[in-house]
Amino acid sequence: MSPRTGRPKSDNPKDIQLKIRADKQTIDDLDFCCQKSHLTRSDVIRLGIQKVKNDLETKK
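Topic: the overall build of the protein chain
On a plain count of helices and strands, the protein chain comes out with 2 helices and 0 strands. A compact globule built from 60 residues should have a C-alpha radius of gyration of about 10 Å, whereas the protein chain, at 17 Å, is more than 25% larger. Per element, the accessible surface of the protein chain, about 6500 Å² overall, is 55% carbon and sulfur. Once the 14 positive and 9 negative side-chain charges of the protein chain are each reduced to a mean point, those two points are 4 Å apart.

Have a look at this one:
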């Protein structure tokens, strides 16, 4: 019998869901960024959070 089947376990599982409220312009801007960068909405949001964090850390 084979060990386990299915996808391998992730080193950094993304198991927390976040829900936000956004207006149409914000979603249009997000979709524009996704289309130009060929990334998912989640990836663009993660990159944006990292950018803001890095900006705040360099201001200290």
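Side note on helix α1 (residues 24-37)
A rise of 1.5 Å per residue sets the reference length of α1, with its 14 residues, at 20 Å; its end C-alpha atoms lie 20 Å apart and thus fit the reference within 8%. Looking one or two residues beyond α1, the residue adopting positive phi is His38, at roughly 60°.

Overview of unusual backbone geometry
Even without being a glycine, His38 presents a positive backbone phi close to 60°. Counting through the fold element by element, His38 comes out in the loop between α1 and α2 (41-59). For His38, a relative accessible area of 71% translates into the label exposed.

Procedures and definitions
- Residues numbered from 1 in each chain as written.
- Predicted model: local features only at pLDDT ≥ 70, side-chain atom pairs only at ≥ 80, totals over all residues.
- Heavy atoms only, no water.
- Helix = DSSP H or I, 4+ residues; strand = E, 2+ residues; numbered from the N terminus.
- Rg over C-alpha atoms; globule rule 2.2 N^0.38 Å.
- Areas by Shrake-Rupley, 256 points an atom, 1.4 Å probe, with all protein chains shown as cover.
- Lys, Arg positive; Asp, Glu negative; His and termini not counted.
- Charge placed at Lys NZ, Arg CZ, Asp CG, Glu CD.
- Expected span 1.5 Å × (residues − 1).
- Buried < 20%, exposed > 50% of the residue type's maximum accessible area, 1.4 Å probe, protein only.

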